[in-house]
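Descriptive analysis of the structure
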Amino acid sequence: MRAATAEGLAAVAASSSEDARGRDGTDGALRRRFVQTARRAEVVGLINAARNEADLGLRFAEELCEIFGAEVAFVLDGAPADQPVRCVAAVGLSEADARAVLEEPDSARALRADRATVVSGSELLGVGAFSAILAPFIGEDGRTALVGVARLHERDFDEQDRSLVEAVTLAVGHGLERIWAYEERDRRAEEQGALVRAAKSLGRSLETSEQLESLCAEVRRALNCDAVVACLGDEVDGYVAIGAAGMPDSFLGFRQPPGTGQGGHAARADRTLVTHDY
């Protein structure tokens, strides 16, 4: 009788221990979900508070590293078709290295995927990572962005991590779209203003050199670029720099032989050319 009672007590003790472990597991999962929900709300809040792309991207990347105990995080702008890939923000690697991430096979696959991609191994993404999550964002206009968070130590990401990255990537993507829309509106307004000012300045002088000087200054202002040069000539005698903005005065009069340079290439092609390696 006593033996049977002892066995019964042992069974009850074992059952209680299992229940306790089950409750601990459930409570742990609930606590983690609560924490992740709170962090998601925090990330969305800082995204909504950002007033420019750089501020949004850097805050977001830093928050990703903190949330996941990661050493690397980045936000890449796939950019329009005629523009190079841009690094919106990066933590733990240089802008050049961040842009190079988009050329990695894992990144290319992630951009085509419907959900965030979790990868693990060694020397991942060209940054020496052991695990990473890559989440794509495709805007309404087809413009893409890639959010990544990577660990340089051996600890894998799980499904809950993936879901959280997906949620905050959607938020940061919409935040970027909002900022890009504002920037595009301001850019178009500046371009229209530059056209008006250029037209007025062209009418104030009959001297070609003065007209081109004014035109270069307005183009530089409208495009927010470093230098603008206007040349006259042809593919027989070559080209001469008549006007410039952002260049030393000594550059005026510079002669470029026919059939050379990007300018000559554009003239021969009879169309506007864009290059990102000049």
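Below: a short report on this structure. (Residues numbered from 1 in each chain as written. Predicted model: local features only at pLDDT ≥ 70, side-chain atom pairs only at ≥ 80, totals over all residues. Heavy atoms only, no water.)

**Focus on the pattern of salt bridges**
This model, assessed by the stated rule, comprises 12 salt bridges. Across the pair R86 and D77 runs a salt bridge whose closest N-O atoms are separated by 2.7 Å. The exposure class assigned to R86 is partly exposed, which follows from its relative accessible area of 29%. We classify D77 as buried; its relative accessible area is 0%. Between E159 and R162 there is a salt bridge, with its nearest N and O atoms 3.4 Å apart. Within this pair, E159 and its partner R162 are both found in helix α5 (residues 159–203), separated by 3 residues, close to a single helical turn. A residue is classified by how much of its surface remains accessible, and E159, at 41% relative accessible area, is partly exposed. Among the charged side chains, a salt-bridge network with shared partners connects E53, D77, R86 and R143. (Salt bridge = Lys/Arg side-chain N within 4 Å of Asp/Glu carboxyl O. Buried < 20%, exposed > 50% of the residue type's maximum accessible area, 1.4 Å probe, protein only. Helix = DSSP H or I, 4+ residues; strand = E, 2+ residues; numbered from the N terminus.)

**Comments concerning the nonpolar core**
Ranked by internal contacts, the top residues of the largest apolar core, which has 23 residues, are F60, L64, F68 and V149. Where this core is concerned, the elements lending two or more residues are α2 (53–68), β1 (72–77), β4 (129–138), β5 (144–151) and α5. By residue number, the principal contributor to this core is α5, which donates 7 residues. Contact partners of L64, with chain neighbours within four places excluded, come to A73, V147, G148, V149 and V168. (Core = buried A, V, L, I, M, F, W, Y, C linked by side-chain atoms within 4.5 Å. Contact = heavy atoms within 4.5 Å.)

**Some words on the environment of R197**
Here R197 lies in helix α5. Expressed as a C-alpha distance, the spacing of R197 and L215, which sit 18 residues apart in the sequence, is 8.9 Å. Ignoring anything within four residues of it in the chain, the contact list for R197 reads E190, E218 and R221.

**With respect to the pairing of β5**
Along any regular strand the residues' side chains alternate between the sheet's two faces. Counting buried residues along β5, 7 of its 8 residues qualify, which places the element largely inside the surrounding structure. Of the pairings in the sheet, the one linking β1 to β5 comprises 6 bridges and is antiparallel in character. Following the sheet pairing, A73 is matched in β5 by V149. Pairing between β4 and β5: 8 bridges, direction antiparallel. Looking across to β5, one finds that I133 is bridged to V149. Between β4 and the antiparallel strand that follows it, β5, lie 5 residues; G142 among them carries a positive phi value of about 90°. (Pairing = 2+ DSSP bridges.)

**Side note on the packing of aromatic side chains**
For the structure shown, the criterion picks out 2 aromatic pairs. Where F251 meets F254, the ring centres are 5.2 Å apart and the plane angle is 15°; that geometry is what we call stacked. Taking the relative accessible area as the measure of exposure, F254 reaches 40% and is therefore partly exposed. Looking at R143, its charged tip hangs above the ring of W180, at a distance of 3.7 Å from the centre. (Phe/Tyr/Trp six-rings, centres within 6.5 Å; stacked < 30°, edge-to-face > 60°. Lys NZ or Arg CZ within 6 Å of the ring centre and 35° of its normal.)

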